[in-house]
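Understanding the architecture of this molecule
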Amino acid sequence: MVVLFTRWLVSVPFMRDFLATYPGEYELPEGAPIGFPAWLNWQHFLNVFLLVLIIRSGLEVRFQKRPNAFWTPRWNKERKISLAVWFHQSIDVLWLVNGVIFVFLLFVSGQWMRIVPTSWEVFPNALSAVLQYLSLDWPIENGWVNYNSIQQLTYFLVVFVASPLAAATGVRMSGIWPTNAQRLNVLYPIEWARAVHFPTMVFFVLFIAVHVTLVIATGALRNLNHMYAAQGSTDPLALAENWTGFWIFSASLLLIVAAWVAARPLLLAPIARLFGSVSSR
Ligand code: HEM
Ligand code: HEM
């Protein structure tokens, strides 16, 4: 139904003109880099790896009825949190460090121009790209050179809105927040943080589902070469048969699965003990 409707819609002369004027992407500013450097591949992988563990531990925090292990920091014997919250927060620190390095390198390398909109044309082009996706008549594009506008907007949202939001609300609920700063706590009540933190996770999970589906559906081998092997070409068909990125991606999935399985109290407790004490009550 939706497909048929959008197919009809894009065939109306007015809409045909619109799609011709706004093909789904606009030109990057002068001097924008072409292709992905290896550091961007690394940062992307580390981000995925850490985020999977963050979501795993976050869900555990939410749905665990009675935690079976607790952690008390060495520097504050009064405080006690579940081992799941400890793990969640420890991975958060690594994820934030990775994110700050990523954003810093984006700006010094010029790579930011690919994921930060630089023209108002991003909006009509994003609409155009969405219509093309819905009509299953997909835009021919090459992420090695430029993203389409809906990609650009979503990546921008993930890096510059959702991630800072997760951090700002997470920090509010964490032990490093100054609990006796009364004015601050009135201005930013913990209930707000609680109400926003979980929906932020839902957004991340939805993003990942759509993102990975589209990566696979729009030229899996080529896209994986871009993001896992730093290989690509201005010719979108040049690396269509090359499996290098796919194998690196597969190895990275094994690592993620291994970490998922390993992240259980038996293995986490010895690490947590390096920074405090672990107890069963
Ligand atoms: C196994 C999971 C994932 C795979 C296979 C994957 C794959 C890719 C690929 C192939 C690209 C480049 C797209 C292109 O060349 O057209 C890309 C870009 C990107 N991905 Fe992922 N991705 C995954 C998970 C994630 C996650 C969890 C996030 C963040 C929540 C994420 C955020 C991004 C961002 C922000 C970009 C744009 C980066 C830039 O150009 O600076 N990805 N991803
Ligand atoms: C710097 C980043 C982050 C910090 C400091 C942080 C901190 C926290 C803290 C302290 C809690 C425990 C709240 C409690 O005791 O009830 C929590 C819960 C949670 N976190 Fe995070 N977090 C961060 C990022 C994330 C991200 C990126 C996600 C998912 C994508 C996430 C998902 C969750 C979930 C699902 C919960 C359970 C929430 C609930 O019970 O409603 N967190 N986080």
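Residues numbered from 1 in each chain as written. Chains lettered and ligands numbered in written order. Predicted model: local features only at pLDDT ≥ 70, side-chain atom pairs only at ≥ 80, totals over all residues. Heavy atoms only, no water.

Here is the rule: UniProt positions are given in the numbering used here, feature names are shortened, and annotations may be inferred rather than shown by experiment.
An unreviewed UniProt entry lists the chain under the name Cytochrome b/b6 domain-containing protein, from Microbacterium profundi. Under Subcellular location (unreviewed entry), UniProt gives the following word-for-word description of the chain: "Cell membrane".

1. Some words on the coordination of the iron atom of ligand 2
Operational definition: Here a donor is any nitrogen, oxygen or sulfur atom (N, O, S) within 2.8 Å of the metal, with 3.2 Å used for Na, K and Ca; water is not among the atoms considered, so some sites may look incomplete. A four-donor site is called tetrahedral if each angle lies between 85 and 135 degrees; a four-donor site is square planar, and a six-donor site octahedral, when trans pairs exceed 155 degrees and the remaining angles lie between 65 and 115; all other cases are labelled irregular. Where helices and strands are cited, they refer to DSSP runs of H or I of at least four residues and of E of at least two residues respectively, numbered from the N terminus.
Coordination of the iron atom of ligand 2 by the protein involves His-88 (NE2) and His-197 (NE2), with metal-donor separations of 2.0 Å. Geometry at the iron atom of ligand 2 is octahedral, judged from the 6 donor atoms that bind it and their angles of 86 to 180° at the metal. Within this pair, whereas His-88 is found in helix H4 (residues 83-109), its partner His-197 is found in helix H9 (residues 190-217), the two being separated by 109 residues in sequence.

2. Details of the sheet that holds strand S3 (residues 276-279)
What counts here: At least two bridges found by DSSP between two strands are what make those strands a pair.
Across the sheet, 3 strands lie side by side as S2-S1-S3; this open sheet has antiparallel pairing. Looking at which strands have only one partner, the edges of the open sheet turn out to be strand S2 (81-82) and S3. Note that strand S1 (residues 70-73) and S3 share 4 bridges and pair antiparallel. Within S3, the residue paired with Trp-71 across the bridge is Val-278.

3. Examining the site of ligand 1
Selection criterion: Proximity criterion: a residue is near a molecule or strand once any of its heavy atoms comes within 4 Å of it. Polar contact is defined as a pair of N or O atoms within 3.5 Å, subject to the rule that within protein one atom must be able to donate a hydrogen and the other to accept it, and that residues adjacent in sequence are counted only when both atoms are side-chain atoms.
Around ligand 1, a shell composed of 27 residues is seen, among which His-44, Tyr-147, His-211, Asn-223 and His-226 lie nearest. Contacts to ligand 1 include His-44, whose side-chain N or O atom sits 2.8 Å from a nitrogen atom. Between ligand 1 and His-226 there is a distance of 2.9 Å, counted from an oxygen atom to a side-chain nitrogen or oxygen. Put simply, the parts of the chain that give the shell around ligand 1 at least two residues each are helix H3 (38-63), H4, helix H7 (149-173), H9 and helix H10 (220-229). By residue number, the principal contributor to the shell around ligand 1 is H9, which donates 6 residues.

4. Overview of the site of ligand 2
Stated formally: Lys, Arg, Asp and Glu make up the charged group, whereas Ala, Val, Leu, Ile, Met, Phe, Trp, Tyr, Cys and Pro make up the nonpolar group; the residues left over, Gly among them, are polar.
Within the structure, ligand 2 sits among 20 residues, and Arg-62, His-88, Gln-89, Asp-92 and His-197 are positioned closest to it. His-197 has a polar side-chain atom sitting 2.8 Å from a nitrogen atom of ligand 2. Counting only elements with at least two residues in the shell around ligand 2, the list comes to H3, H4, H7 and H9. Counted by class, the shell around ligand 2 contains 12 nonpolar, 6 polar and 2 charged residues.

5. Examining the packing of H10 against helix H11 (residues 244-262)
As a reminder, the rule being used: Axis angles are defined between N-to-C directions and span 0 to 180 degrees, where every axis is a line fitted to C-alpha atoms and, for a helix, only to the segment in contact. Should the near helix be turned anticlockwise from the far one by less than a right angle, the crossing is termed left-handed; should it be turned clockwise, right-handed. In what follows, a contact means two residues having at least one pair of non-hydrogen atoms within 4.5 Å.
Taken N-terminus to C-terminus, the directions of H10 and H11 make an angle of 65°; their axes are 7 Å apart at the nearest point. Here H10 runs over H11; the crossing is left-handed. Here H10 contributes Leu-221, Leu-224, Asn-225, Tyr-228 and Ala-229 to the contact with H11, which in turn contributes Thr-244, Gly-245, Phe-246, Ile-248, Phe-249 and Ser-252. Across the contact of H10 with H11, the residue classes tally to 7 nonpolar, 4 polar and no charged.

6. Considerations on the packing of aromatic side chains
Convention followed: Here is the rule: rings of Phe, Tyr and Trp (six-membered ring for Trp) pair when centre to centre is within 6.5 Å. Planes less than 30 degrees apart are stacked, more than 60 are edge-to-face, and the remainder are tilted. Relative accessible area decides the class of each residue, using a 1.4 Å probe on protein chains only: under 20% of the type maximum gives buried, over 50% gives exposed, and in between gives partly exposed. A ring is considered to have a charge above it if a Lys NZ or an Arg CZ atom is located within 6 Å of its centre and within 35 degrees of its normal.
With the rule as written, the count across this model stands at 22 aromatic pairs. Aromatic side chains Phe-107 and Trp-112 sit 5.8 Å apart centroid to centroid with 15° between the ring planes, which places their arrangement in the stacked category. Phe-107 sits in the partly exposed class, given a relative accessible area of 42%. Note on Trp-112: relative accessible area 24%, which makes it partly exposed. On the basis of an interplanar angle of 75° and a centroid distance of 5.0 Å, the ring pair of Phe-246 and Trp-247 is categorised as edge-to-face. For Phe-246, a relative accessible area of 26% translates into the label partly exposed. Given a relative accessible area of 55%, Trp-247 falls into the exposed group. Over the ring of Phe-198 we find Arg-62, and its NZ or CZ is 3.8 Å from the ring centre. In this arrangement the basic side chain of Arg-114 is found over the ring face of Phe-36, its NZ or CZ atom lying 4.5 Å from the centre.

7. Thoughts on the packing of helix H2 (residues 13-21) against helix H6 (residues 122-134)
Interaxial distance between H2 and H6 falls to 9 Å at its minimum, and their mutual angle equals 115°. When you trace H2 past H6, the crossing you get is left-handed. Here Met-15, Phe-18 and Leu-19 of H2 come into contact with H6, specifically with Pro-124, Leu-127, Ser-128 and Leu-131. Its residues assigned to classes, the contact of H2 with H6 comprises 6 nonpolar, 1 polar and no charged.

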